[in-house]
Amino acid sequence: MRIAIIGAGLGGLAAALDLSRAGFEVLLFERAEAAGGKLREVSVGGQRMDAGPTVFTLRRVFDELFADAGESLDRHLNLIPADLLARHAWGPGGYLDLFADPARSTEAIGNFAGSREARAFVRFITQAKRIYTTLENTFIRAARPSPVDLVRRVGIGGLADLWNIQPFSNLWQSLEGHFDDARLKQLFARYATYCGSSPFLAPATLMLVAHVEQSGVWYIEGGMHRLAVALAQLAARHGAVMRYASEITQILVAKGRVCGVEVSGKERIAVDAVVSNADTHALAGGLFGCDVTGSVSPTLAAERSLSALTWNLLARTEGFALAHHSVFFNADYRAEFDDIFRRRRLPAAPTIYICAQDRRDARGLDSGREERLMCLVNAPPIGDTHSFDRAEIESCETRVFGLLEKFGLTLHRRSSATLATSPSDFNRLFPATGGSLYGPASHGWKASFKRTGSRSTLPGLYLAGGGTHPGPGLPMAATSGRLAAACIIADHASIARCRTVAMRGGTSTR
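Counting from 1, residues in each chain are numbered in the order their sequence is written. pLDDT decides what is reported in this predicted model: residues at 70 or higher carry local features, side-chain atom pairs at 80 or more are listed and counted, and totals for whole chains, interfaces and linings draw on all residues regardless. Hydrogens are left out, water is left out, and the side-chain values use all remaining heavy atoms of the structure.

So, on to the packing of aromatic side chains. Only centres within 6.5 Å qualify two rings of Phe, Tyr or Trp (six-membered ring in Trp) as a pair; their planes then separate them into stacked at under 30 degrees, edge-to-face at over 60, and tilted for everything else. Going through the model one piece at a time under the given rule, you end up with 18 aromatic pairs. When the ring of Tyr95 is compared with that of Phe320, the centres are 5.8 Å apart and the planes differ by 70°; the resulting orientation is edge-to-face. Placement of Tyr95 in strand 8 (residues 94-99) and of Phe320 in the loop between strand 15 (307-319) and strand 16 (325-328) is noted, with a sequence separation of 225 residues between them. By relative accessible area, which is 38% here, Tyr95 ends up partly exposed. Here the aromatic rings of Phe200 and Phe337 are separated by 6.3 Å at their centres, their planes lie at 65°, and the arrangement is edge-to-face. Here Phe200, found in the loop between helix 8 (182-189) and helix 9 (208-214), pairs with Phe337, found in helix 12 (residues 333-342); they are 137 residues apart in sequence, far enough to count as distant. Across this residue pair, the class does not change: Phe200 and Phe337 are buried. Joined through ring pairs, the aromatic side chains of Trp90, Phe112, Trp172, Phe200, Phe329, Tyr333 and Phe337 make up one cluster. A cation over an aromatic ring shows up here: Lys38 above the ring of Phe430, its NZ or CZ 4.6 Å from the ring centre. We count a charge as sitting over a ring when the NZ of a lysine or the CZ of an arginine lies within 6 Å of the ring centre and within 35 degrees of the ring normal. Here the basic side chain of Arg104 rests over the ring of Phe99, its NZ or CZ set 3.9 Å away from the ring centre. Helix and strand assignments come from DSSP, with helices taken as H or I runs of at least 4 residues and strands as E runs of at least 2, each series counted from the N terminus. With a 1.4 Å probe rolled over the protein chains alone, any residue whose accessible area is under 20% of its type maximum counts as buried; one over 50% counts as exposed, and the rest are partly exposed.

With that settled, the discussion passes to the pairing of strand 15. Walk down a regular strand and you will see the side chains alternate between the two sheet faces. Bridge count between strand 15 and strand 18 (residues 371-379): 9 bridges; the pairing is antiparallel. Across the sheet, Leu314 pairs through a bridge with Arg372, a residue of strand 18. Pairing between two strands requires that DSSP report at least two bridges joining them. By the bridge criterion, 9 bridges tie strand 15 to strand 19 (residues 409-421) in an arrangement that is antiparallel. Bridged to Thr317 within strand 19 is Leu411.

The next subject is the sheet that holds strand 7 (residues 84-91). Judged by pairing direction, the sheet is mixed, and its 7 strands sit side by side in the order 8-7-16-17-18-15-19 without closing on themselves. Two strands bound the open sheet, and with one partner strand each, they are strand 8 and strand 19. The sheet shows a mean angle of 25° between the axes of neighbouring strands, direction not considered. For helices, the fitted axis covers only the stretch in contact; all axes are lines through C-alpha atoms, and the angles between them, taken along N-to-C directions, range from 0 to 180 degrees.

Mapping His469 onto the fold places it in the loop between strand 20 (461-463) and helix 16 (474-497). Sequence separation between His469 and Ile140 is 329 residues; the distance between their C-alpha atoms is 7.9 Å. Contacts are residue-level and defined by heavy atoms, with any inter-residue pair within 4.5 Å sufficient. For His469, the contacting residues outside a window of four places in its chain are Phe139, Ile140, Ala142, Ala143, Arg144, Pro145, Arg451, Thr452, Gly453, Ser480 and Leu483. Pairs of N or O atoms within 3.5 Å make up the polar contacts considered here, provided that, within protein, one atom can donate a hydrogen while the other can accept it, and that residues adjacent in sequence are counted only when both atoms are side-chain atoms. At a separation of 2.6 Å, a polar atom in the side chain of His469 contacts the main-chain carbonyl oxygen of Ala142.

To continue, consider the sheet that holds strand 13 (residues 267-270). Strand order in the open sheet formed by 3 strands is 11-12-13, with antiparallel pairing between adjacent strands. Where the open sheet ends on each side, the last strands, each with one partner, are strand 11 (248-254) and strand 13. Averaged over all adjacent pairs, the angle separating strand axes in this sheet is 30°, with direction ignored. In the sheet, strand 12 (residues 257-263) pairs with strand 13 via 4 bridges, with the strands oriented antiparallel. Each bridged residue has a counterpart across the sheet, and for Glu262 the counterpart in strand 13 is Arg268.

This part is about the pairing of strand 9 (residues 217-220). Going residue by residue along strand 9, you find Val217 and Tyr219 tucked away on one face and Trp218 and Ile220 tucked away on the opposite face as well. Bridge count for strand 5 (residues 56-57) against strand 9 is 2 bridges, and the pairing is antiparallel. The residue bridging Thr57 from the neighbouring strand is Val217, located in strand 9. Relative to strand 9, strand 6 (residues 79-81) runs antiparallel, the two being bridged by 3 bridges.

When the charged atoms of two side chains with opposite charge come close together, those side chains can pair. A pairing counts as a salt bridge when a side-chain nitrogen of Lys or Arg comes within 4 Å of a carboxyl oxygen of Asp or Glu. Counted according to the given criterion, the structure contains 29 salt bridges. A salt bridge links Arg372 to Asp358, with the nearest nitrogen and oxygen atoms 2.9 Å apart. You can see Arg372 sitting in strand 18 and its partner Asp358 sitting in the loop between strand 17 (352-356) and strand 18, a full 14 residues away along the chain. Here Arg428 and Asp425 are joined by a salt bridge, their closest N and O atoms 2.2 Å apart. Highlighted residues: Arg428 and Asp425, both in helix 14 (residues 423-429), separated by 3 residues, approximately one helical turn. Relative accessible area serves as the criterion here: at 53%, Arg428 is assigned to the exposed category. In the salt-bridge network here, residues are joined through shared partners; they are Asp18, Arg21, Asp68 and Arg482.

In structure tokens form, the structure reads like this:
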């Protein structure tokens, strides 16, 4: 069988690797010049730097992916475990660090907010572990279930665990039951933004992110983009053909199933199946032809997750001691998400995230040295209907860097060494999304069940990527690709078993 994969994000790359090593002929088409999708890098001031996801967790997912291909992840990438997970600030003069060692985090929270909150943190991470353990094999690593399917998977003995993970509460409500300190509620509520959602609407089950981080965070030597490069190289070694700067303009359908793809509006290639690692909005919106628009739910367009306004820059820093990951919180968290999801505008007082890519933990740099920074604020996913012009971006930029100075951080930067990326830019990079970076938003307890599974409603069309089950983030996107590949392999085996076979005597059986 010949399989076409649309998009070289982690979902597409993982599917390409699994399918090519299983003996399928794999053609991977990517409209960009390189692999990675949202896991991309850019050049600023002559230096390469990450411009997408900055946190590497759940390395077991990638250990298994490489091991199944007969390789070691450590052979391809130099992974450095992080001691300091992130630095968090609410004003000048103080901050709270969280560490890979839960005992150190507990001590830091006790010093920051008191012993009662430290004990609350211990209960919180215990609950986070319980949620992850309950959902890992029944939901995260398995095919997309319905609510009834999930109950069946956990079994009678697991019903109490399923109820105890608070599936019908939102994240903020759950945090109010854990912490009294408003700053800690804000800190852990930020986990909702990891899947592009509001903590006031997202389910409490997203507490599991705390357990994921406590299980380990790593730096990738050479940058996060190296992960995509390593996967692409390994898939190619197993026979996958990578075609970059090649845009699929139509998925061809005949007799009610996928039969081929059209490349750049002119070349047509016959295939037996397609894995779409593009956003599901692109399928529903007709970017791959009208024959596939009904293959995914059209309601997804109303449920977009967060976009972002980012700045990649080179700068000398002064004042506040940045860690590799630093977060600067505003005073009114609810107002930020009201601005984004209700008023559909850039927040007046955003939370600011900075990834200092040349730092390991909070170690200082040589005095006067420029460092590579990515600065990010959340934004509404309206890049297809609203043009974020230069004046609007510069106004937000002035506001953001002014806020950082109030935290005690001054950035001495060159305007020629700054690259801004708006929701409009993200929409151009990832068409039909409006700049949404995480697929559908995880708002309400039903949201996770609304994500499309590996199989679409059209025979021969399979789905992967952060917008599909099990959700956004590098490990989840890779898992979605593996689930799609597993479906193709299983469906192919089923077809092979029931093919017509010639028998002696001129009869045949199916």
